[in-house]
Amino acid sequence: MIHAAVPVNERQIEPRLAKRFHQLLQQHAPPADLAFTEEFAMALVADAVQWKASDLHVEPAVAETRIRMRVDGLLHDVAAVPAVSGRHIVTYFKVLAQMDTSALARPEHGHARMDASGMQLDLRITVVPTPNGEMLGIRLLDGLRTVLRLDEIGMSGPEQSHLRQWLSEIQGMLLVCGPVGSGKTTTLYSLLRELQGRPCGIVTLEDPVENLMDGITQIEVNEKRGLTFSDAIRAMLRLDPDFLLLGEIRDPESAHTAITAAGSGQALLSTLHARDSVGAVTALRNYGVKNWEISAALEIGVAQRLLRRLCLRCRVETEITDAQKECFSENGMVAPTRLWKPIGCDVCAGTGFDGRLGVFELWRLDSEARSLIQHGADEPALRQHAKASGSRTLLADALEKTAAGLTPFAEILRLGRQARSAA
Ligand SMILES: [Zn+2]
């Protein structure tokens, strides 16, 4: 039995996001046997591509399996199928990724390629054992997607100039900060694109490589085949590049590698989990990096988030409230006379949104900031200095984009606690 219109766990299922899949469910029984499973799985991926979903989940519950898609950062329930059908779909993708099809005792990862809707997709597959069976997560990457230019990621002109200036100086460390899925890698690739064709050596160390780029040496960590992170770092440093991209600083080892490279005449780009640009200092300290090392190496901290972009076809104007006006003036901005809100139309599948939009904060360290770090200044002190020296906050950038009608005011709440207290 299909429960397409029944809420699962009080969440509303949105079958419109999985149209082809639901058409198949109407034509055939759900994939209780393997005969139709491939067709169902292909239809799911095609639906995910149509709605530009970043991830596809197959999540087993007690009686049924929920199928979900992450679109513009939000996870939507798109269908529920009987548990046995869910198991067949999971097995199909495991076979596709050449993974062991017996029940797993621990999480496993695999890769697969698939053609869907005229696109070459790169599927990053994760299977996790749960008490109800195996849960499947698929990250969908467009194998041929174009790398965005620096002026296409939504960053303001002056901030782009700071980054270009840093690229021309070839020194120190640039860190892009934010949570998972905040567009950090997109920003790094847009910087690599700026460097393409210049007479300089560029080497990346990624896990995994997300975009292949001409003229750049890209190393992929592959523990299964014996290329560990430590080996890859040594190989990368031996190549003596001018620019070095480390996919992520995630432990003391990668933090010290980054600092060493940046201190030896190479320019280093990387990403870091930190709430804002100043938070990069705390994160590095937590990985055991000394204050003087941070002060000598760190040149630029960029923080970013992705907010949902309003569908320009159906957005409508809305009154601005007094509290909203106050939020603008508290941030030293003139409040607009009106704001915009989403409605929903055929083009945006009724969501009112069309993809996502980057909001940024850029902190270029000056001599005073270096001195503060060296003397162990904490985050509030560094943040105050950054603000006083003209660095615009994530919240201020988001407010500007709200005033321009690119995103609704409600999206600002997604910036987190700091923004919520201000908004
Ligand atoms: Zn629309």
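Residues numbered from 1 in each chain as written. Predicted model: local features only at pLDDT ≥ 70, side-chain atom pairs only at ≥ 80, totals over all residues. Heavy atoms only, no water.

Points about the coordination of the zinc ion
Item 1. At 2.3 to 2.4 Å from the zinc ion lie its protein donor atoms, namely Cys 311 (SG), Cys 314 (SG), Cys 345 (SG) and Cys 348 (SG).
Item 2. Coordination at the zinc ion is tetrahedral, judged from the 4 donor atoms that bind it and the angles of 104 to 113 degrees they form at the metal.
Item 3. Mapped onto the sequence, the residues coordinating the zinc ion show the spacing C-x2-C-x30-C-x2-C. This pair shows no difference in class: Cys 311 is buried, exactly as Cys 314 is. (Donors = N, O, S within 2.8 Å, 3.2 Å for Na, K, Ca; no water. Tetrahedral: all angles 85-135°; square planar, octahedral: opposite > 155°, others 65-115°. Buried < 20%, exposed > 50% of the residue type's maximum accessible area, 1.4 Å probe, protein only.)

Let's talk about the pairing of strand 4 (residues 108–116)
Item 1. Where strand 4 meets strand 5 (residues 119–130), 9 bridges bridge the pair, whose relative direction is antiparallel. If you follow Arg 113 over to strand 5, its bridge partner there is Asp 122.
Item 2. Counted between consecutive antiparallel strands, the loop separating strand 4 from strand 5 contains 2 residues, among which Ser 117 sits at a positive phi close to 50 degrees. (Pairing = 2+ DSSP bridges. Helix = DSSP H or I, 4+ residues; strand = E, 2+ residues; numbered from the N terminus.)

Re the pattern of salt bridges
Item 1. Under the defined criterion, the tally for this structure stands at 24 salt bridges.
Item 2. A salt bridge links Arg 392 to Glu 159, with the nearest nitrogen and oxygen atoms 3.9 Å apart. Pair noted here: Arg 392 is in the loop between helix 12 (379–388) and helix 13 (394–403) and Glu 159 is in helix 4 (residues 157–169), with a separation of 233 residues, a long-range link.
Item 3. Residue classification places Glu 159 among the buried positions, given a relative accessible area of 7%.
Item 4. Among the salt bridges present, the one from Glu 194 reaches Arg 164, with a minimum N-O distance of 2.9 Å. Of the two residues, Glu 194 sits in helix 5 (residues 184–195) while Arg 164 sits in helix 4, which places them 30 residues apart along the sequence.
Item 5. Through salt bridges with shared partners, one network takes in Glu 159, Arg 392, Asp 397, Glu 400 and Lys 401. (Salt bridge = Lys/Arg side-chain N within 4 Å of Asp/Glu carboxyl O.)

Re the sheet that holds strand 8 (residues 202–206)
Backbone-to-backbone hydrogen bonds pair the strands of a sheet. The strands run either parallel or antiparallel.
Item 1. Spatial ordering of the open sheet is given by 9-8-10-11-7-12-15, a layout of 7 strands whose pairing is mixed. A single partner strand is all that each edge strand has here, and the edge strands are strand 9 (217–220) and strand 15 (353–364). Taken over all neighbouring pairs, the strand axes of this sheet differ in orientation by 20 degrees on average, direction set aside.
Item 2. Across 6 bridges, strand 7 (residues 172–177) lies against strand 11 (residues 267–272) in parallel orientation. Across the sheet, the residue bridging to Gly 172 is Ala 267, located in strand 11. (Axes fitted to C-alpha atoms, helices over the stretch in contact; angles between N-to-C directions.)

Concerning helix 2 (residues 37–50)
Item 1. In a regular helix each residue adds 1.5 Å, so 14 residues correspond to 20 Å; helix 2 covers 20 Å between its end C-alpha atoms and thus fits that length.
Item 2. Counting buried positions along helix 2 gives 10 out of 14 residues, so the element sits mostly inside the fold.
Item 3. Every buried residue of helix 2 is listed here: Thr 37, Phe 40, Ala 41, Ala 43, Leu 44, Val 45, Ala 46, Asp 47, Ala 48 and Val 49.
Item 4. Lys 52 sits one or two positions beyond helix 2 and adopts a positive phi of about 50 degrees. (Expected span 1.5 Å × (residues − 1).)

Regarding the domain arrangement of the protein
Item 1. The domains assigned to the protein are domain 1 (15–142) and domain 2 (150–422).
Item 2. Computed from C-alpha coordinates alone, the two centres of domain 1 and domain 2 are separated by 31 Å.
Item 3. Facing 12 residues of domain 1, the contacting portion of domain 2 comprises 16 residues.
Item 4. In total, domain 1 and domain 2 occlude about 1000 Å² of area from one another, counting both sides; carbon and sulfur atoms represent 48% of this. (Domains from an automatic or database assignment. Contact = heavy atoms within 4.5 Å. Buried area = accessible area lost by both parts, 1.4 Å probe.)

With respect to the sheet that holds strand 4
Item 1. Pairing is antiparallel in the open sheet, where 6 strands are placed in the order 3-2-1-6-5-4. Each having just a single partner strand, strand 3 (74–82) and strand 4 make up the two edges of the open sheet. Averaged over all adjacent pairs, the angle separating strand axes in this sheet is 20 degrees, with direction ignored.
Item 2. Across 6 bridges, strand 1 (residues 55–60) lies against strand 2 (residues 64–71) in antiparallel orientation. Along strand 2, the bridge assignment pairs Leu 56 with Met 69.
Item 3. Each of strand 2 and strand 3 touches helix 1 (residues 19–27); the most contacted strand, strand 3, lies at about 10 degrees to it.
Item 4. Helix-sheet contacts for helix 2 involve strand 1, strand 2, strand 4, strand 5 and strand 6 (133–142), and the interaxial angle to strand 4 is about 80 degrees.

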